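# Architecture at a glance
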Amino acid sequence: GRTYQLRVHCAAIGHPIIADPAYGIWGEASPNGGFPESVLEEVAPSCASLSLQKDINETVQKEGHTMCLHARRLGFSHPITGEEMDLEAEPPF
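Bear in mind the structure is a predicted one, so any value in this text is a computation, not a measurement.

### Here's the deal with the confidence of the model for the protein chain
For the protein chain, mean pLDDT is 79; residues scoring 70 or higher make up 87% of the total. At the low end of the mean pLDDT range in the protein chain sits helix 2 (residues 37-43), at 75; at the high end sits strand 2 (residues 84-88), at 96.

### Digging into the pairing of strand 1 (residues 73-77)
Summarising the sheet, strand 1 and strand 2 pair through five bridges and their orientation is antiparallel. Note on strand 2: the bridge partner recorded for R73 is E88. Connecting strand 1 to the antiparallel partner strand 2 that follows it, the hairpin turn spans six residues, and G82 within it adopts a positive phi of roughly 80 degrees.

### Some words on a nonpolar patch on the surface
Taken together, the side chains of I18, L52 and I56 define a hydrophobic patch exposed on the protein surface, amounting to about 200 Å² of accessible area. Looking at the secondary structure, you find I18 in the loop between helix 1 (2-12) and helix 2. Judged by relative accessible area, I18 falls into the partly exposed class, the value being 31%.

What counts, and at which threshold
Residues numbered from 1 in each chain as written. Predicted model: local features only at pLDDT ≥ 70, side-chain atom pairs only at ≥ 80, totals over all residues. Heavy atoms only, no water. pLDDT = per-residue confidence, 0-100. Helix = DSSP H or I, 4+ residues; strand = E, 2+ residues; numbered from the N terminus. Pairing = 2+ DSSP bridges. Patch = residues over 30% accessible without salt bridge, like charges linked within 9 Å, V, L, I, M, F, W, Y side chains within 5 Å. Areas by Shrake-Rupley, 256 points an atom, 1.4 Å probe, with all protein chains shown as cover. Salt bridge = Lys/Arg side-chain N within 4 Å of Asp/Glu carboxyl O. Buried < 20%, exposed > 50% of the residue type's maximum accessible area, 1.4 Å probe, protein only.

Laid out in structure tokens, this is it:
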């Protein structure tokens, strides 16, 4: 489904979802989608370093969080009124 696709695609571009057991930093997928960090720095400069990803994962695991997937902001046109909707919510983790 869509959740799975998001997990796979994020991992493939070097942005694995925090605490994802399958595609996160220690999941079955290769870290950074299998790309060396030098390649990712060029094509995805906003990607967190492997060291930072490891530190974040360790902290999340210690605190007992499950997969940390959250949309901080969503925007869409209301299907009936056509009004532009803009919703924001801080992550619960």
